[in-house]
Amino acid sequence: MANDYINTQQRAVVHQLARSWLWRSELPTWLLIVTVYSGWFACVFFWQTLGLFATTLLLIVLTTWYMSLQHELIHGHPTRWPRLNQLFGTLPLAVWYPYGLYRDSHLAHHRNHTLTDPDDDPETYYLSPERWAQLKPWQQRIIHLRNTFPGRLLLGPLLDIAAILKVMVLARDRAAISMWLIHLSLLGGLFYWMQQQGLSPLWFVGAVSYPALALTKVRSFYEHRAEEAPLARSVNNEAAWPWRLLFLNLNYHSVHHDLPGLPWYGLRKVYLLYREGYHQRNQGFRVAGYGEWLMRFWRKPVNVNAHPGTHKDAQNADHFIADVRHPSPDDARPDFSANDAADTTRLAG
């Protein structure tokens, strides 16, 4: 349950921020919840007034935003009570997966010492060398196509949906079955209400939910790479503000994996304060924006096929997920050598 701070100064600065009124109140996240839910349901309710085209575009953005919100809920925001946070993310506005399964998978993904490892990281795009060798040539070509930027957006969601449906069919333990039953029941109710408003659930699935899932692939494209040092496996993407807002600053992904309890509105602040420190820590894995990925990998696939293998960092095997909003008494002790950095933070805020 530890954070990976760049230095003691950063540690003091982050904990000072965690004691600020904004971070303790979680007001930005509460406003985000109200905006996403009210906007989503208003679009469905007033879709005939808005028109089908405008409604579809707005719902794509709001559904993508909702998936970003679900991620924030998993990481301990806006309350310290996971069950309460779960209530804000359980409605299947994004259709495809139960919140509980996403939560469990994503928390396992945050074991930095096994990040990108096909045997341990449930969110990796890498395959084990053995699995890659077993694929037929046409299957390898599909993987190469998926690893281009347009392929990730167009083909990636389809492959994800197929995997999700396979997980649902093969679910055997009670917890997973319960999650799916709750999810499908809520989805049925949501589709029924949608039909009552005159909006086709089939249209929503094909014209809203699939494109929203594709938008999330913009963020996750080459988000992780296989490197020997665990802290060098996550990218920092200096994306433009519309992307940052849509993805809740998860483009600063190295910062997020180092300090997974930081609220979304704190990621950019911390990154800008320690930009060069993160550049050194993740060994230059930094990109100027998603447009750079688009230009570099329009036709050429990114090399995330067979995993090359890395040393598992055993000393960090217990590092999982941390909540900097509620540090332990030991973590709360300030490092008075960091006063200069703290002053810088106050000016930046």
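Every value quoted in this text rests on a predicted model; they were computed, and no experiment measured them.

Within the protein chain one finds 19 helices and 2 strands. Considering the protein chain as a whole, with its 349 residues, one finds that 51% of them fall into the buried category. Residue pairs in contact within the protein chain that sit at least 24 positions apart in sequence constitute 75% of those at least 6 positions apart. About 16,900 Å² of surface is accessible on the protein chain, with carbon and sulfur atoms providing 63% of the total.

Turning to the packing of helix 5 (residues 52-74) against helix 13 (residues 201-220), a few remarks are in order. Relative placement of two packed helices is described by the angle separating their axes and the distance separating the axes. As a packed pair, helix 5 and helix 13 sit with axes 8 Å apart at the nearest point and diverge in direction by 45 degrees. The orientation of helix 5 with respect to helix 13, classified from their angle, is oblique. Judged by the sense of rotation from one axis to the other, the crossing of helix 5 with helix 13 is right-handed. Together, L52, T56, L59, I60, T63, T64 and M67 of helix 5 and W203, F204, A207, V208, P211, A212, L213, L215 and T216 of helix 13 make up the contact between the two elements. Across the contact of helix 5 with helix 13, the residue classes tally to 12 nonpolar, 4 polar and no charged.

The next thing to look at is the pattern of salt bridges. The full count for this structure, using the stated rule, is 9 salt bridges. With a shortest N-O distance of 3.0 Å, D104 and R103 are connected by a salt bridge. For R103, a relative accessible area of 22% puts it in the partly exposed group. A salt bridge links K217 to D160, with the nearest nitrogen and oxygen atoms 2.1 Å apart. Of this pair, K217 sits in helix 13 while D160 sits in helix 11 (residues 156-170); the two residues are 57 residues apart in sequence, bridging distant segments of the chain. Since its relative accessible area comes to 7%, K217 is described here as buried. Among the residues examined, D160 registers a relative accessible area of 24% and is labelled partly exposed.

As a further point, take the nonpolar core. W40, L59, F204, V255, L262, V270 and W293 are the most contacted members of the largest nonpolar core, which has 78 residues in total. If you tally residues by element for this core, the top one is helix 5, at 9 residues. If we skip the residues at most four places from it in the chain, V270 touches Q10, V14, L17, V255, L259, L262 and Y278.

To continue, consider unusual backbone geometry. Note the cis peptide between H77 and P78, where omega equals 5 degrees. Of note, the phi angle at N249 is positive, near 65 degrees, even though the residue is not glycine. Along the chain, the position of N249 falls in the loop between helix 14 (241-246) and helix 15 (253-258). Given a relative accessible area of 8%, N249 falls into the buried group. Backbone geometry places Q283, a non-glycine residue, at a positive phi of 55 degrees. With respect to the helices, strands and loops of the structure, Q283 is situated in the loop between helix 17 (275-281) and strand 2 (286-287).

One way to put it is that helix 5 packs onto helix 7 (residues 99-109) with a least axis distance of 10 Å and a crossing angle of 60 degrees. As helix 5 runs across helix 7, the sense of the crossing is right-handed. The segment helix 5 lies against helix 7, with Q70, H71, L73 and I74 engaging Y99, Y102, R103, H106 and L107.

This paragraph deals with a nonpolar patch on the surface. On the surface, a cluster of nonpolar side chains totalling about 490 Å² of accessible area is made up of W21, L22, L27, W30 and L31. Listed by contribution, the elements that provide at least two residues to the nonpolar patch are helix 2 (21-25) and helix 3 (27-45). Here W21 shows up in helix 2.

When the terminal C-alpha atoms of helix 3 are compared, their 27 Å separation across 19 residues agrees well with the 27 Å that a helix rising 1.5 Å per residue should span. All of the buried residues along helix 3 are P28, T29, L32, I33, V36, Y37, G39, W40, C43 and V44. Burial along helix 3 is one-sided: seen end-on, the buried residues are contained in an arc of 165 degrees.

Further remarks concern the packing of aromatic side chains. Taken as a whole and assessed by the stated rule, the structure comprises 22 aromatic pairs. Note on W40 and F41: the rings are 5.0 Å apart at their centroids and 70 degrees apart in plane angle, and the pair reads as edge-to-face. Pairwise contacts between aromatic rings join Y37, W40, F41, Y66, W193 and F204 into one cluster. The lysine or arginine in question, R152, covers the ring of Y125, its NZ or CZ lying 3.8 Å from the ring centre.

Right, let's talk about the environment of L62 for a bit. Tracing the backbone through its elements, the reader meets L62 in helix 5. Residue classification places L62 among the buried positions, given a relative accessible area of 10%. Separated by 31 residues in the primary sequence, L62 and L93 have C-alpha atoms spaced 9.3 Å apart. Sequence-distant contacts of L62, that is, excluding residues within four places in its chain, are made with T35, V36, G39, W40 and C43.

On to the side chain of H183. Relative to the assigned elements, H183 resides in helix 12 (residues 174-196). Here V95 takes part through its backbone oxygen, which lies 2.7 Å from a polar atom of the side chain of H183. If we skip the residues at most four places from it in the chain, H183 touches P92, V95, W96, Y97 and P98.

Reading guide: rules and limits
- Residues numbered from 1 in each chain as written.
- Predicted model: local features only at pLDDT ≥ 70, side-chain atom pairs only at ≥ 80, totals over all residues.
- Heavy atoms only, no water.
- Helix = DSSP H or I, 4+ residues; strand = E, 2+ residues; numbered from the N terminus.
- Buried < 20%, exposed > 50% of the residue type's maximum accessible area, 1.4 Å probe, protein only.
- Contact = heavy atoms within 4.5 Å.
- Areas by Shrake-Rupley, 256 points an atom, 1.4 Å probe, with all protein chains shown as cover.
- Axes fitted to C-alpha atoms, helices over the stretch in contact; angles between N-to-C directions.
- Parallel < 35°, antiparallel > 145°, perpendicular 65-115°, else oblique.
- Left-handed = near helix turned anticlockwise from the far one by under 90°.
- Nonpolar A, V, L, I, M, F, W, Y, C, P; charged D, E, K, R; others polar.
- Salt bridge = Lys/Arg side-chain N within 4 Å of Asp/Glu carboxyl O.
- Core = buried A, V, L, I, M, F, W, Y, C linked by side-chain atoms within 4.5 Å.
- Patch = residues over 30% accessible without salt bridge, like charges linked within 9 Å, V, L, I, M, F, W, Y side chains within 5 Å.
- Expected span 1.5 Å × (residues − 1).
- Arc of directions from axis to C-beta.
- Phe/Tyr/Trp six-rings, centres within 6.5 Å; stacked < 30°, edge-to-face > 60°.
- Lys NZ or Arg CZ within 6 Å of the ring centre and 35° of its normal.
- Polar contact = N/O pair within 3.5 Å; in protein donor to acceptor, adjacent residues only side chain to side chain.

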